[in-house]
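This is what each chain is made of:
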Amino acid sequence: LLLRHGLLAKGKSFFDYGCGKGDDLSGLRHGEFDARGWDPFYAPDEPQIKSDIVNLGFVLNVIEAQEERAKALKTAWSLAREAMVIAVMTPSSDAIENAKPYGDGFLTSRGTFQKYYMQEHLREYVRQTIGEDPIAIAPGIFFVFRDKIAEQSFLLERYDRHRHRSVKIRPTRTRPV
């Protein structure tokens, strides 16, 4: 989505906060992007660095402790110079069916913690935690802009794309001469 919406481009730095084993980073580096990451389990010795774009993908939903969850969001936000993308798991009946309630989330059938976010719940959580209004991009995915000029450009381009898609051109009838 970052690429599709033009937020991640060559020449911009990208930081993946909670990068896991680094598969996404490998793909971006292969595409010659300046991509780095940190993970508390797989890459704890990597530095957490300020970057143009910060990814907080599927991190908030796996942190059990609410204080730790808020700290992760605040820390990732502090690293973003232009924007941050947040992605979380949204609830589905299949996912919840075999899960057991635990804290403010669930324990999955594999014994891992999972917090599922409704769209409005995540929007409000981001507002309360970092004091910014996130922009919904897709279910469970938000962009948050530190650079307000970049935010306005994004919104304008998004509006123009939507407007052009919704305009239907009707063929005109001409009268024979």
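Throughout what follows, the structure given in this document is the object of discussion. Small disclaimer: the values here were computed from a predicted structure and weren't measured.

**Examining the nonpolar core**
Next up, step 1: Counting 26 residues, the largest nonpolar core has Tyr17, Leu56, Leu60, Leu73, Met84 and Ile86 as the members making the most contacts within it.
Next up, step 2: Elements with a minimum of two residues in this core: β1 (13-17), β3 (51-57), α2 (66-79), β4 (80-87), α4 (119-130) and β9 (141-145).
Next up, step 3: Among the elements that make up this core, the one with the highest residue count is α2 (six residues).
Next up, step 4: Setting aside anything within four residues of it in sequence, one finds methionine 84 in contact with Val54, Leu56, Leu73, Ala76, Trp77, Ile130, Phe142, Phe143 and Val144.

**Regarding α2**
Along an α-helix, a turn takes 3.6 residues, which lines up residues three or four apart on a common side.
Next up, step 1: Here α2 contains 14 residues, and its C-alpha end-to-end distance of 20 Å stays within 8% of the 20 Å for a straight helix at 1.5 Å per residue.
Next up, step 2: Along its buried surface, α2 packs onto β1, β3, β4, β7 (113-114), α4 and β9.

**Some remarks on α4**
Next up, step 1: Compared with the 16 Å implied by 1.5 Å per residue over 12 residues, the 17 Å span of α4 between its first and last C-alpha is a close match.
Next up, step 2: Where α4 is concerned, the buried positions are Leu122, Arg123, Tyr125, Val126, Thr129 and Ile130. Considered in projection along α4, the buried side chains sweep an arc of 165 degrees and stay on one side of the axis.
Next up, step 3: Looking at the buried positions of α4, the neighbouring elements they touch are α2, β4, β8 (135-138) and β9.
Next up, step 4: Phi for glycine 131, located one or two positions after α4, is positive at around 70 degrees.

**A few points about the packing of α2 against α4**
Next up, step 1: Following both chains from N to C, one finds α2 and α4 inclined at 75 degrees, their axes separated by 10 Å at the closest point. Taken as axis vectors, α2 and α4 run roughly perpendicular relative to one another. Facing α2, whose interface residues are Gln66, Arg69, Ala70, Leu73, Lys74 and Trp77, α4 presents Tyr125, Val126, Thr129 and Ile130.
Next up, step 2: For the contact of α2 with α4, the residue count by class is six nonpolar, two polar and two charged.

**Some details on the pattern of salt bridges**
Next up, step 1: A full pass over the atoms with the stated rule returns 10 salt bridges.
Next up, step 2: The closest approach of N and O atoms between glutamate 82 and lysine 12, which form a salt bridge, is 2.9 Å. A residue pair is termed long-range when its members are at least 10 positions apart, and glutamate 82 in strand β4 and lysine 12 in the segment before β1 qualify at 70 residues.
Next up, step 3: Taking the shortest distance from any N to any O, the salt bridge between aspartate 104 and arginine 69 comes out at 2.7 Å.

**Some thoughts on the packing of aromatic side chains**
Next up, step 1: Summed over all chains, the structure comprises eight aromatic pairs.
Next up, step 2: Ring geometry for tyrosine 17 against tryptophan 38: centres 4.9 Å apart, planes inclined by 40 degrees, an arrangement best described as tilted. Placement of tyrosine 17 in strand β1 and of tryptophan 38 in strand β2 (residues 34-38) is noted, with a sequence separation of 21 residues between them. By the burial criterion, tyrosine 17 is buried, and tryptophan 38 matches it.
Next up, step 3: Ring centres of phenylalanine 145 and phenylalanine 154 lie 5.5 Å apart, and the angle between their planes is 35 degrees; on these two criteria the pair is classed as tilted. Each member of the pair, phenylalanine 145 together with phenylalanine 154, is buried.

**Quick look at the environment of tyrosine 125**
Next up, step 1: Checked against the element boundaries, tyrosine 125 lands in helix α4.
Next up, step 2: With 30 residues separating them along the chain, tyrosine 125 and leucine 155 place their C-alpha atoms 22 Å apart.
Next up, step 3: Discounting chain neighbours no more than four positions away, the residues touching tyrosine 125 are Leu60, Gln66, Arg69, Ala70, Leu73 and Tyr117.

**Here we look at the side chain of asparagine 55**
Next up, step 1: Inspection of the secondary structure assignment puts asparagine 55 in strand β3.
Next up, step 2: A relative accessible area of 13% places asparagine 55 in the buried class.

**Some thoughts on the sheet that holds β9**
Next up, step 1: Read from one edge to the other, the open sheet built from six strands follows the order β2-β1-β3-β4-β9-β8, with strand pairing classed as mixed. Looking along the sheet, the strands with just one partner apiece sit at the ends: β2 and β8. Averaged over all neighbouring strand pairs, the angle between strand axes comes to 25 degrees, with direction disregarded.
Next up, step 2: Contacts between helix α1 (residues 23-30) and the sheet are confined to β1 and β2, with β2 contributing the most and set at about 165 degrees to the helix.
Next up, step 3: Against the sheet, α2 touches β1, β3, β4 and β9, its axis set at about 145 degrees to β4.

Rules of the game
- Within each chain, residue numbers correspond to sequence positions counted from 1 in written order.
- Restriction of local features to residues with pLDDT of at least 70 applies here, the model being predicted, together with a cutoff of 80 or more for giving and counting side-chain atom pairs; totals for whole chains, interfaces and linings are based on all residues.
- To get the side-chain values, take all heavy atoms of the structure and skip hydrogens and water.
- By nonpolar core we mean a set of buried residues, namely Ala, Val, Leu, Ile, Met, Phe, Trp, Tyr and Cys, connected to one another through side-chain atoms within 4.5 Å.
- Type-normalised accessible area, obtained with a 1.4 Å probe on protein chains alone, sets the label of each residue: buried when under 20%, exposed when over 50%, and partly exposed for intermediate values.
- Secondary structure counts use DSSP, requiring at least four H or I residues in a row for a helix and at least two E residues in a row for a strand, with both numbered from the N terminus.
- When checking whether two residues touch, look at their non-hydrogen atoms; a contact exists if any pair is within 4.5 Å.
- Helix span is expected to be 1.5 Å times the residue number reduced by one.
- The reported arc concerns the directions from the helix axis to the C-beta atoms and nothing else.
- Fitted lines through C-alpha atoms give the axes, limited to the stretch in contact for helices. The angle between two N-to-C directions lies from 0 to 180 degrees.
- The cut-offs work like this: below 35 degrees is roughly parallel, past 145 is roughly antiparallel, 65 to 115 is roughly perpendicular, and the gaps in between are oblique.
- Three classes are used, and their members are as follows: Ala, Val, Leu, Ile, Met, Phe, Trp, Tyr, Cys and Pro are nonpolar, Asp, Glu, Lys and Arg are charged, and the others, Gly among them, are polar.
- Any carboxyl oxygen of Asp or Glu that lies within 4 Å of a side-chain nitrogen of Lys or Arg is treated as forming a salt bridge with it.
- Here a pair means two rings of Phe, Tyr or Trp (six-membered ring of Trp) with centres within 6.5 Å. Their orientation is stacked below 30 degrees between planes, edge-to-face above 60, and tilted elsewhere.
- Should DSSP find at least two bridges between two strands, the strands are regarded as paired.

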